[in-house]
Amino acid sequence: MKVNKIGFVLICLVLFWQCNQAKKEASLKNHMVGKWQTTYLKIDFNTFSSSDSTFVIEDKFDNNPERVAQSEYYEDGTFKAWFLDRNKNQQGLTSGKWSVSNDTLFTSYFYLGKDVKALYKVLKINNGFKATSKYDWDNDGEQDDLLVMQTKRIE
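In what follows, the accompanying structure is described.

Conventions adopted
- Residues numbered from 1 in each chain as written.
- Predicted model: local features only at pLDDT ≥ 70, side-chain atom pairs only at ≥ 80, totals over all residues.
- Heavy atoms only, no water.
- Helix = DSSP H or I, 4+ residues; strand = E, 2+ residues; numbered from the N terminus.
- Buried < 20%, exposed > 50% of the residue type's maximum accessible area, 1.4 Å probe, protein only.
- Contact = heavy atoms within 4.5 Å.
- Pairing = 2+ DSSP bridges.
- Polar contact = N/O pair within 3.5 Å; in protein donor to acceptor, adjacent residues only side chain to side chain.

## Observations concerning the overall build of the protein chain
1) Next: Helix and strand counts for the protein chain come out as 1 helix and 9 strands.
2) Next: For the protein chain, the sequential pattern of α-helices and β-strands runs α-β-β-β-β-β-β-β-β-β.
3) Next: By the burial criterion, 34% of the 155 residues in the protein chain qualify as buried.
4) Next: Taking the intrachain contacts of the protein chain between residues at least 6 apart in sequence as the baseline, contacts between residues at least 24 apart amount to 40%.

## With respect to the pairing of strand E4 (residues 78-85)
1) Next: In the sheet, strand E3 (residues 67-73) pairs with E4 via 7 bridges, with the strands oriented antiparallel. From the neighbouring strand, Val-68 faces E4, where its bridge partner is Leu-84.
2) Next: With antiparallel pairing between neighbouring strands as the criterion, E4 and strand E5 (residues 90-101) make up a hairpin whose turn holds 4 residues, including Lys-88 at a positive phi of roughly 70°.

## Let's talk about the pairing of strand E6 (residues 104-111)
1) Next: Both E5 and E6 contribute to a ladder of 6 bridges, which runs antiparallel. Bridged to Lys-97 within E6 is Ser-108.
2) Next: The turn linking E5 back onto E6 is made up of 2 residues, and Asn-102 within it adopts a positive phi angle of 55°.
3) Next: Direction of pairing for E6 relative to strand E7 (residues 114-125): antiparallel, over a ladder of 8 bridges. Each residue of the ladder has a partner; that of Thr-104, found in E7, is Lys-121.
4) Next: Taking the residues between adjacent antiparallel strands as the criterion, E6 and E7 are bridged by 2 residues, where Leu-112 takes a positive phi near 50°.

## Observations concerning the environment of Asn-139
1) Next: Looking at where Asn-139 falls in the secondary structure, it is placed in the loop between strand E8 (128-135) and strand E9 (145-154).
2) Next: Put simply, Asn-139 and Lys-114 are 25 residues apart on the chain and 9.5 Å apart in space, counted from C-alpha to C-alpha.
3) Next: A distance of 2.4 Å separates polar atoms of two side chains, one belonging to Asn-139 and the other to Lys-114.

Encoded structure:
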């Protein structure tokens, strides 16, 4: 009898955990659907272009930047991303697929002659999200570059 009770409790705990995981994934997926604009970007290149030097790019996109990154995520698991210049012209349009699991956003797209499969840890923030990713952003063969970005929802 005692084994059956323990088994029942374990099954209930597993089901409860699975339901919570599904709710978290649905919540992040629902949050991601829509249009976004990058408001902050920092990339820390640990070994820039295979050198022993570090290099950091950082931008808050204030002071009327030359271009800003925007994207739109669709419910069907596809997305588009582009840059918008000062004259509101779209440049560098790309598209791809996305999915979420727990707090992680998985993306897959083709950009500048390269298949990119990047994942981002996502934290929902007021009217946006903050994402971090460790990836080979400088194409030196090492997945050691840390990207941190913040976004805001746009219409």
